[in-house]
Amino acid sequence: ICAKELSDSLKNNSQIEKLWLCGTSITTEGWNEFETLVCNICTSGHTSSTMATFQSKHSLSSLGHFSFEKEALLSPQLLKYLKCNELKDKGQVARKKILWNH
């Protein structure tokens with residue numbers, strides 16, 4: 001399964017909070033798919049609409065990234081979004097993401 005397919009399959013799932021993806025061979029392009037999932041950011045670096053950011057995934061908070069940080073496979077931006085998703089108040093999570101990007 002490719003990262004895009006996995007990311008797409010999670011769009012309508014609000015239950016999954018953690019995925020263990022250590023040891024996978026996901027490329028930078030693949031990680032960008034997860035960044036788009038958790039904050040609806042275009043891969044070109046431009047932000048989408050505030051509504052799209054508001055509706056992005058706010059439950060996913062871990063991709064097993066503690067193992068990736070040393071290898072710098074995940075972007076600092078994606079790590080920031082995942083950390084933000086750990087907050088219980090999902091309205092606050094959405095507001096933070098909107099303020100960071102719009």
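Shown above is the structure to which this text applies.
Computed from a predicted structure; not experimentally measured.

Section: the packing of aromatic side chains
Right, on to step 1. One pass over the structure, following the stated rule, counts two aromatic pairs.
Right, on to step 2. An angle of 45 degrees between the planes, with centres 5.8 Å apart, marks the rings of Trp-31 and Phe-34 as tilted. Pair noted here: Trp-31 and Phe-34 are both in helix H2 (residues 28-39), with a separation of three residues, about one helical turn.
Right, on to step 3. Residue class for Trp-31 comes out buried when judged on its relative accessible area of 3%.
Right, on to step 4. Classification of Phe-34 by relative accessible area gives buried; the value is 0%.
Right, on to step 5. Ring geometry for Tyr-81 against Trp-100: centres 6.1 Å apart, planes inclined by 35 degrees, an arrangement best described as tilted. With Tyr-81 in helix H4 (residues 76-84) and Trp-100 in helix H5 (residues 90-101), this residue pair connects regions lying 19 residues apart in the sequence.

Re the nonpolar core
Right, on to step 1. Core analysis: the largest hydrophobic core is formed by 17 residues, its most contacted members being Leu-19, Leu-21, Trp-31, Phe-34, Leu-60, Leu-63 and Leu-78.
Right, on to step 2. For this core, the elements supplying multiple residues, two or more each, are helix H1 (3-10), H2 and H4.
Right, on to step 3. The element best represented in this core is H2, accounting for five residues.

Digging into the packing of H2 against H4
Right, on to step 1. The contact between H2 and H4 brings their axes to 10 Å, and the two run at 40 degrees. As the angle between them shows, H2 and H4 are arranged oblique. For H2 against H4, the interelement crossing comes out left-handed. Two secondary-structure elements touch here, H2 through Trp-31, Phe-34, Glu-35, Val-38 and Cys-39 and H4 through Gln-77, Leu-78, Tyr-81 and Leu-82.
Right, on to step 2. For the contact of H2 with H4, the per-class residue count stands at seven nonpolar, one polar and one charged.

About the cut-offs
Note that residues are indexed from 1 along each chain, following the sequence as it is written. pLDDT decides what is reported in this predicted model: residues at 70 or higher carry local features, side-chain atom pairs at 80 or more are listed and counted, and totals for whole chains, interfaces and linings draw on all residues regardless. Water and hydrogen atoms were dropped before computing side-chain values, which therefore reflect all heavy atoms in the structure. Note on ring pairs: Phe, Tyr and Trp rings are taken, using the six-membered ring of Trp, and paired if centres are within 6.5 Å. Classes follow the plane angle, with under 30 degrees stacked, over 60 edge-to-face and the rest tilted. A helix here means a DSSP run of H or I that spans at least four residues, while a strand means a run of E at least two residues long, and both kinds are numbered starting from the N terminus. Residue burial is assigned from relative accessible area. The probe radius is 1.4 Å, only protein chains are included, and a residue is buried under 20% of its type maximum, exposed over 50%, and partly exposed in between. For the purposes of this section, nonpolar cores are sets of buried Ala, Val, Leu, Ile, Met, Phe, Trp, Tyr and Cys residues that join through side-chain atoms within 4.5 Å. Structural elements are reduced to axes, namely lines fitted to C-alpha atoms, with helices fitted over the stretch in contact, and the angle between N-to-C directions of any two is expressed from 0 to 180 degrees. Orientation labels follow simple angle bins: below 35 degrees gives roughly parallel, above 145 gives roughly antiparallel, 65 to 115 gives roughly perpendicular, and whatever is left gives oblique. Should the near helix be turned counterclockwise from the far one by less than a right angle, the crossing is left-handed, whereas a clockwise turn marks it as right-handed. Contacts were defined at the residue level, with two residues in contact if any of their heavy atoms lie within 4.5 Å. In the scheme used here, Gly and all other residues not listed as nonpolar or charged are polar, with Ala, Val, Leu, Ile, Met, Phe, Trp, Tyr, Cys and Pro taken as nonpolar and Asp, Glu, Lys and Arg as charged.

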